[in-house]
Amino acid sequence: MVTSTGVAENSLVQVVTQARRDLLQVLSFVSLSPNDGLHAMEQNKELYQSLYGLVADIKESLDDDGTVSAFPNAPSGSRNKPHFQPPHASNRPSVGQPTIALDLLLHPVHPAVQHYPWGRQAPCLVSTMAGSADGTEPWAEAWYGIHPKAPSTVATVPLSDFTAAHPSLGRPTFLLKALSIAKPLSIQAHPDQELAATLHARRPDIYPDASHKPELMIAVKPTGLLCGFKTSAEIVALMDSLPAVRAALGACFAEYRQNPEVGLKQCLAHLFDHPETHEAAIAELVAVDGVAAFVHGFFGTDVGVIVAALLEHRTLQPGEAVFIPANELHCYLSGEGIEVMVSSDNVVRCGLTGKLIDTDTLLGMITGKHTGMAMVIPPPEGPFRSYKCLAPFQVLRVTLDDEFKEAAVGPTAGPLFILCLSGNVLVATPTGQSVAIQTSQCLFAGHELGLSGLTLSGAGDVFIVAGTQ
Ligand SMILES: [Zn+2]
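Note that the coordinates shown come from a computational prediction; the quantities given were computed from them, not determined experimentally.

Engineer: Looking at this structure, how should I read the overall build of the protein?
Structural biologist: On a plain count of helices and strands, the protein comes out with 15 helices and 21 strands. When the 469 residues of the protein are sorted by exposure, 45% land in the buried category. Considering only intrachain contacts with a sequence separation of at least 6, the fraction spanning at least 24 residues in the protein is 75%.

Engineer: Looking at this model, I keep getting lost on the packing of helix α11 (residues 278-286) against helix α12 (residues 290-299). Mind explaining?
Structural biologist: Between two packed helices, what matters for the description is the angle formed by their axes and the separation of those axes. The interhelical angle for the contact between α11 and α12, taken along N-to-C directions, is 125°, at an axis separation of 8 Å. On the basis of the axis angle, α11 is oblique to α12. Together, Ile-282, Leu-285 and Val-286 of α11 and Ala-292, Ala-293 and His-296 of α12 make up the contact between the two elements. Taken together, the residues of the contact of α11 with α12 sort by class into 5 nonpolar, 1 polar and no charged.

Engineer: How should unusual backbone geometry be read in this particular structure?
Structural biologist: A negative phi angle is the norm for most residues apart from glycine, just as the trans form is the norm for most peptide bonds. Residue Pro-123 is reached from Ala-122 by a cis peptide bond, and omega for that bond is 0°. Along the chain, Pro-123 turns up in the loop between β2 (112-114) and α4 (125-130). Positive phi, close to 55°, is recorded for Leu-352, a residue that is not glycine. With respect to the helices and strands, Leu-352 occurs in the loop between β13 (348-351) and α14 (359-365). Its identity is not glycine, yet Ser-440 carries a phi of approximately 85°, on the positive side.

Engineer: It is not clear to me how the pairing of strand β19 (residues 434-438) should be interpreted in this structure. Could you clarify?
Structural biologist: As a general feature of sheets, a regular strand has side chains that alternate between the two faces. Side chains Val-435 and Ile-437 of β19 all project onto a buried face; the interleaved residues Ser-434, Ala-436 and Gln-438 project onto a face where none is buried. In this structure, strand β18 (residues 416-428) lies alongside β19, joined through 5 bridges in antiparallel fashion. Note on β19: the bridge partner recorded for Val-427 is Val-435. A loop of 5 residues connects β18 with β19, the two strands running antiparallel in sequence, and Gly-432 in this loop sits at a positive phi of about 105°.

Engineer: How do you make sense of the environment of Phe-463 when you look at a structure like this?
Structural biologist: By secondary structure assignment, the location of Phe-463 is in strand β21 (residues 454-467). When the 24 C-beta atoms within 10 Å are taken as the criterion, Phe-463 is described as buried. Residues Phe-463 and Val-398, spaced 65 residues apart in sequence, show a C-alpha to C-alpha distance of 6.4 Å. Not counting residues within four places of it along the chain, the set of residues in contact with Phe-463 comprises Ile-338, Val-395, Arg-397, Leu-419 and Leu-421.

Engineer: It is not clear to me how the confidence of the model for the protein should be interpreted in this structure. Could you clarify?
Structural biologist: Regions with low pLDDT carry predicted coordinates that are not meant to be interpreted in detail. In the predicted model, the protein carries a mean pLDDT of 80, and the fraction of residues at 70 or more is 77%. Within the model, pLDDT remains below 50 along residues 1-11, and this stretch shows 8 contacts once partners closer than five positions in the same chain are excluded. The model gives residues 15-100 a pLDDT under 50, and that stretch makes 111 contacts with residues more than four places away or in other chains.

Engineer: What should I look at first to understand the nonpolar core in this one?
Structural biologist: If you look at soluble globular proteins, the nonpolar side chains tend to sit buried side by side. Membership of the largest hydrophobic core comes to 116 residues, with the highest contact counts inside it found for Val-126, Ile-306, Ala-308 and Val-465. The greatest single-element share of this core, amounting to 8 residues, is contributed by β18. When residues of this core are sorted by domain, at least three fall in each of domain 1 (1-110 + 379-469) and domain 2 (184-376).

Engineer: Which parts of the structure should I look at to understand α12?
Structural biologist: Owing to its 3.6 residues per turn, the α-helix aligns residues three or four sequence positions apart on the same side. Of all the positions in α12, only Val-291, Ala-292, Val-295, His-296 and Phe-299 are classed as buried. Buried residues of α12, seen end-on, are gathered within an arc of 130° and therefore sit on one face of the element. Facing away from the buried side of α12, by more than 90 degrees, are the exposed residues Gly-290 and Gly-297. One or two residues past the end of α12 sits Gly-300, with phi positive at roughly 60°.

Engineer: What should I look at first to understand the environment of Ala-122 in this one?
Structural biologist: Inspection of the secondary structure assignment puts Ala-122 in the loop between β2 and α4. Along the backbone, Ala-122 and Ser-132 are 10 residues apart, and their C-alpha atoms lie at a distance of 8.2 Å. Ala-122 has contacts with Ser-127, Ala-133 and Trp-139, leaving out every residue within four places of it along the chain.

Engineer: Would you take a moment to explain the environment of Ala-445 for this structure?
Structural biologist: Within the secondary structure layout, Ala-445 lies in strand β20 (residues 442-445). A tally of 28 C-beta atoms within 10 Å means that Ala-445 is categorised as buried. Spatially, the C-alpha atom of Ala-445 lies 6.3 Å from that of His-107, the residues being 338 residues apart in sequence.

Engineer: Which parts of the structure should I look at to understand α11?
Structural biologist: The complete set of buried residues in α11 reads His-278, Ala-281, Ile-282, Glu-284 and Leu-285. Taken around the axis of α11, the buried residues stretch over an arc of 165°, which confines them to a single face. Contact partners of the buried residues in α11: α8 (243-249), α12 and α13 (304-309).

What counts and how
Residues numbered from 1 in each chain as written. Predicted model: local features only at pLDDT ≥ 70, side-chain atom pairs only at ≥ 80, totals over all residues. Helix = DSSP H or I, 4+ residues; strand = E, 2+ residues; numbered from the N terminus. Buried ≥ 20, exposed ≤ 12 C-beta atoms within 10 Å, placed from the backbone. Contact = placed C-beta atoms within 7 Å. Axes fitted to C-alpha atoms, helices over the stretch in contact; angles between N-to-C directions. Parallel < 35°, antiparallel > 145°, perpendicular 65-115°, else oblique. Nonpolar A, V, L, I, M, F, W, Y, C, P; charged D, E, K, R; others polar. Pairing = 2+ DSSP bridges. pLDDT = per-residue confidence, 0-100. Core = buried A, V, L, I, M, F, W, Y, C linked by C-beta atoms within 7 Å. Domains from an automatic or database assignment. Arc of directions from axis to C-beta.

Listed below in structure tokens is the structure:
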């Protein structure tokens, strides 16, 4: 296949590289939509296979100097079909810098775990994803991404360093998380892009990122949450029987009846300015409002108990999701799920917290409008469910079973994670690499694989999350 002279090798590589670039450019406008992806795979199947086969052959010949070894523990001869080594701590090399091959497109990635106090005890979704049940600390979040607070790792290398060292992989601009929630998180909102940049410039100690943080929460177990304000009719009906709560909201509650959007912000400002009114209001509220009673059980007389009663409540069933846009108050109460967001940790809190409540920023952000929860409940299309929302990432769930044993996933525009929630699934690339993943295991694939697509087979439940920029 490869000629014996370096000049010929180089020119052949150039020709193939250019052809491949052309193909990728053609495919780059095709979205992750399963139908589009399948169509593109079908239309370009032969071209794919011949080009990738050619590139693989050439690379194999050129790289035969023995410097490439992606999976040090893989048996010899398995280079093109590496066996997945669980990326758990006990299996990771403890000394030396691992060698990671870039001719392999799929990289096992291990999450960074956050042991926030609201997390669950093991065993739970997060401890399962982390591959550990050690210690008594709660398991709150498992992060897959390159956020500097907690980058996930490829072997022992932070993914942020790995992608920085290999720019051709691209950098994931989103964070994928697993959440295990035993008690309510703070009531919070996330600034839009413009405000995030302003806040970060002004107070980087409080707002660590210059980026917005739209987020999508997909329930794995029934998940209770609050998101957005109730309708004014619902709030007025509740308050009409609660004089102490009306007093805590101040005289502006009369304004609220006339002009809910303006009045609600005035009521909240009054509420934050008069903590002496909270205890009586909460005593009255918890007797009639289940959500207030629930959060009161964890947070006592925190002002968030009153705010919680103003917010819309819902329990997501497994597979259902809610999208949370910028500036929308929300609070996860209990449950377990998969969350995807732009890679940012900017949080403006509004209660149920011991941390700062930046009331000026908060009241400047929220609209006081009832917008209704943005539910995302995708119908199944064969083995696919595509969770579409107005955010720069795409989330595809692939469920393989006796009916659908194989699925081809089309090209995406950016790097991606492939997270196995349950089962055993073989992930194959057009170049012939295939990696078996099972419950809790995750693969990172760089920009180039994102553009080329992949095939899944087996039985299991897999999330594929990709950036769109
Ligand atoms: Zn949030």
